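Working through the structure, step by step
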Amino acid sequence: MAINPNPGVLLYPRLRKSPFFYASRRHGVGLYSVYNHTYHARHYGDPVGEYWALLEGVTLWDVGVERQVEITGPDAFEFTNMLVPRDLNKCKVGQCKYVFVTNEDGGIINDPVLLRLGENHFWLSLADSDVLLWAKGLAHSLGMDVQIREPDVGPVQIQGPKSGDVMVDLFGDSILDVPYYYAVEKELDGMRVVVSRTGYTAELGYEIYLHDASRDGVKLWERVWEAGEPHGMRVIGPCHIRRIEAGILSWGCDITYDTNPFEVGYGFEKTWMVDLDQEADFIGKEALRRIKSEGISRKLVGVEIGGPGVGSFNDGQMIDVFDVHDPRGLRIGEVTSACYSPRMERNIGFAMVPIAYHELGTELVVHTQHGPQEAVVVEKPFLDPTKDIPKRLVRASA
């Protein structure tokens, strides 16, 4: 009988382990969940402390759960451009784009970061839903000449205002020349990597995508940690406080198969995410044209919520929204993500509400774990709407 070398976590053979699982576990994981069929370290015992470390220093996060779908072959550009509503003719080789993968009804299957590594070479760095079989099935049914697979690639994120210093120590000063949402191929101690100026934090940061990750995962982790320790690096999990402040959505909470881009703020406001004028006949194009023409019946809004703090992350399963003026107290929607923001000193979150309630200043009642609380619809993102923080690159030691 095999001995579990990791007491405190049940290791099921049907669930995968990140290439960095054993290395990241040494730092004292406080809670695991499952993401893309893979064990996912949620935090290391103090989510609020991790939040401040991200804002003030430099952090390391195991994001090996971001499985990659690789698309190559003669028809790779045409096929990938059909998968997403964004016009990839506007995506250069070496550039990254935040995209939706939509279904025939316009619903959101996934919201990956797309990396264009060559004219006909793409990675989709996935959120928590399956895309590999969807893409394979479409390619087969359409008879397209593409190869679709999951490569042996695993990413880690180095994020925070001191991340540039750590990356310079790893790769040299040239790494500072990588623009926001671009990627370059590098080598580190014999390991092949792709470095992108991206991250799930809205802070200055990078992702390192490691080739041959099943072999070299622990080696890369230890090398990054060695470079980061002199800068006070801290290992963290996904910082939901920061991503909510930044208006970053989470698949499975804020967006799902049953939501479309127009409902969640991408389409009417951010037309580049759903380019209905492009020549490509992407999956869901006709449905999204119809939705845009007919309008939407609900919308994801920002909310500030009164009362005691709701914690570092509440995924909305226990938080319902009510009409403040309805004496019957009928439920009208739900808060999909919420947290207490330490620097804003208030509860903030996203709520899916009927379109009649989407105007700024609309008063609501939200039932939190502390009971009914007053709430109000506010602008989102809550902080840094133009993304100046992650776009700006200043070495902390300068």
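Residues numbered from 1 in each chain as written. Predicted model: local features only at pLDDT ≥ 70, side-chain atom pairs only at ≥ 80, totals over all residues. Heavy atoms only, no water.

The name recorded for the chain in an unreviewed UniProt entry is Glycine cleavage T C-terminal barrel domain-containing protein, from Saccharopolyspora rosea.

**Side note on the packing of helix 5 (residues 163–171) against helix 6 (residues 213–228)**
Close contact between helix 5 and helix 6 brings their axes to 9 Å; oriented N to C, the two are set at 120°. Put simply, helix 5 runs oblique to helix 6. As for how helix 5 packs across helix 6, the hand of that crossing is right-handed. Contacts between helix 5 and helix 6 involve Val166, Asp169 and Leu170 from the first element and Arg223, Val224, Ala227 and Gly228 from the second. Class assignment of the residues belonging to the contact of helix 5 with helix 6 gives a composition of four nonpolar, one polar and two charged. (Axes fitted to C-alpha atoms, helices over the stretch in contact; angles between N-to-C directions. Helix = DSSP H or I, 4+ residues; strand = E, 2+ residues; numbered from the N terminus. Parallel < 35°, antiparallel > 145°, perpendicular 65-115°, else oblique. Left-handed = near helix turned anticlockwise from the far one by under 90°. Contact = heavy atoms within 4.5 Å. Nonpolar A, V, L, I, M, F, W, Y, C, P; charged D, E, K, R; others polar.)

**What to know about the pairing of strand 4 (residues 68–72)**
For strand 4, the tally of buried residues reaches four of five residues, placing the bulk of the element in the interior. Bridge analysis of strand 4 against strand 10 (residues 147–149) gives three bridges, and the strand direction is antiparallel. Bridge pairing in strand 10 places Glu70 opposite Arg149. (Buried < 20%, exposed > 50% of the residue type's maximum accessible area, 1.4 Å probe, protein only. Pairing = 2+ DSSP bridges.)

**A look at the sheet that holds strand 20 (residues 363–368)**
The antiparallel closed barrel is built from six strands, whose spatial order is 16-19-18-17-20-21. Across this sheet, the average inter-strand angle for adjacent strands is 40°, counted without regard to direction. Pairing analysis gives four bridges linking strand 16 (residues 298–305) to strand 21 (residues 371–378), with the strands arranged antiparallel. In the sheet register, Val303 faces strand 21, and the bridge partner there is Val377.

**Some words on the nonpolar core**
Counting residues in each nonpolar core, the largest one holds 44 residues, and the members touching the most others are Phe100, Leu115, Ile255 and Val264. Discounting chain neighbours no more than four positions away, the residues touching Phe100 are Leu83, Val84, Pro85, Ile108, Asn110, Asp111, Ile255, Pro261, Val264, Tyr266 and Met273. (Core = buried A, V, L, I, M, F, W, Y, C linked by side-chain atoms within 4.5 Å.)

**Re the pattern of salt bridges**
One pass over the full model with this rule turns up 20 salt bridges. The closest approach of N and O atoms between Asp212 and Arg215, which form a salt bridge, is 3.6 Å. Residue classification places Arg215 among the exposed residues on the basis of a relative accessible area of 59%. Of the charged contacts in the structure, one is a salt bridge between Asp254 and Arg243, with a shortest N-O distance of 2.9 Å. Taken together, the positions of Asp254 in the loop between helix 7 (240–245) and helix 8 (285–294) and Arg243 in helix 7 put the pair eleven residues apart, joining distant regions of the chain. Judged by relative accessible area, which is 1%, Asp254 ranks as buried. A relative accessible area of 0% places Arg243 in the buried class. Look at the salt bridges and you will find they share partners, linking Glu203, Arg242, Glu245 and Arg343 into a network. (Salt bridge = Lys/Arg side-chain N within 4 Å of Asp/Glu carboxyl O.)

**Here's the deal with the confidence of the model for the chain**
With 94% of its residues at a pLDDT of at least 70, the chain reaches an overall mean of 93. This stretch, residues 1–8, has a pLDDT under 50; its non-local contacts, to residues over four places away or in other chains, come to ten contacts. (pLDDT = per-residue confidence, 0-100.)

**Observations concerning the packing of aromatic side chains**
How two aromatic rings sit relative to each other is given by the distance of their centres and the angle of their planes. In the structure shown here, the tally under the stated rule is 16 aromatic pairs. Ring plane angle 35° and centroid distance 6.2 Å describe the contact between Phe20 and Trp221, whose orientation is recorded as tilted. Here the residue Phe20 occupies a position in the segment before helix 1 (21–25), and Trp221 occupies one in helix 6, the gap between them amounting to 201 residues. Accessibility expressed as a relative area gives 0% for Phe20, which makes it buried. Assessed through its relative accessible area of 2%, Trp221 is described here as buried. Residues Trp123 and Tyr209 carry aromatic rings whose centres are separated by 5.9 Å and whose planes lie at 45° to one another, so their mutual orientation is tilted. Taken together, the residues Trp123 in strand 9 (residues 121–125) and Tyr209 in strand 14 (residues 205–211) connect sequence positions 86 residues apart. Judged by its relative accessible area of 0%, Trp123 is buried. Within the aromatic cluster, the residues linked to one another by ring pairs are Phe21, Tyr22, Tyr32 and Tyr39. (Phe/Tyr/Trp six-rings, centres within 6.5 Å; stacked < 30°, edge-to-face > 60°.)

**Details of the layout of surface pockets**
Put simply, the second largest pocket is a space of about 200 Å³. What lines the second largest pocket is Leu31, Arg42, His43, Pro47, Glu50, Gly237, Pro238, Cys239, His240, Ile241, Ser312 and Phe313. Secondary structure elements with two or more residues in the lining of the second largest pocket: strand 2 (38–43), helix 2 (47–56) and helix 7. For the lining of the second largest pocket, the per-class residue count stands at six nonpolar, four polar and two charged. (1 Å grid on protein atoms, 1.4 Å probe; cavity = no way out; pocket = protein on both sides within 12 Å on 5 of 7 lines; lining within 4 Å. Points joined across faces, edges and corners; volume = space filled by probe spheres on them.)

**Quick look at the environment of Val303**
Within the secondary structure, Val303 sits in strand 16. Along the primary structure Val303 and Ala41 are separated by 262 residues, whereas in three dimensions their C-alpha atoms are 28 Å apart. With near-sequence residues (within four places) excluded, Val303 lies in contact with Asn347, Ile348, Gly349, Phe350, Ala351, Leu364, Val376, Val377, Val378 and Phe382.

**Some words on the sheet that holds strand 4**
One open sheet accounts for five strands, arranged 5-8-9-4-10; its pairing is antiparallel. Taken across any chain shown, the strands that pair with only one partner, and hence form the sheet edges, are strand 5 (96–98) and strand 10. Along the sheet, successive strands turn relative to each other by an average axial angle of 20°, direction set aside. Against the sheet, helix 3 (residues 76–83) makes contact with strand 4, strand 8 (113–118), strand 9 and strand 10, and its axis sits at roughly 135° relative to strand 4, the strand it touches most. Lying on the sheet, helix 4 (residues 132–142) is in contact with strand 4 and strand 10; it crosses strand 10 at an angle near 165°.

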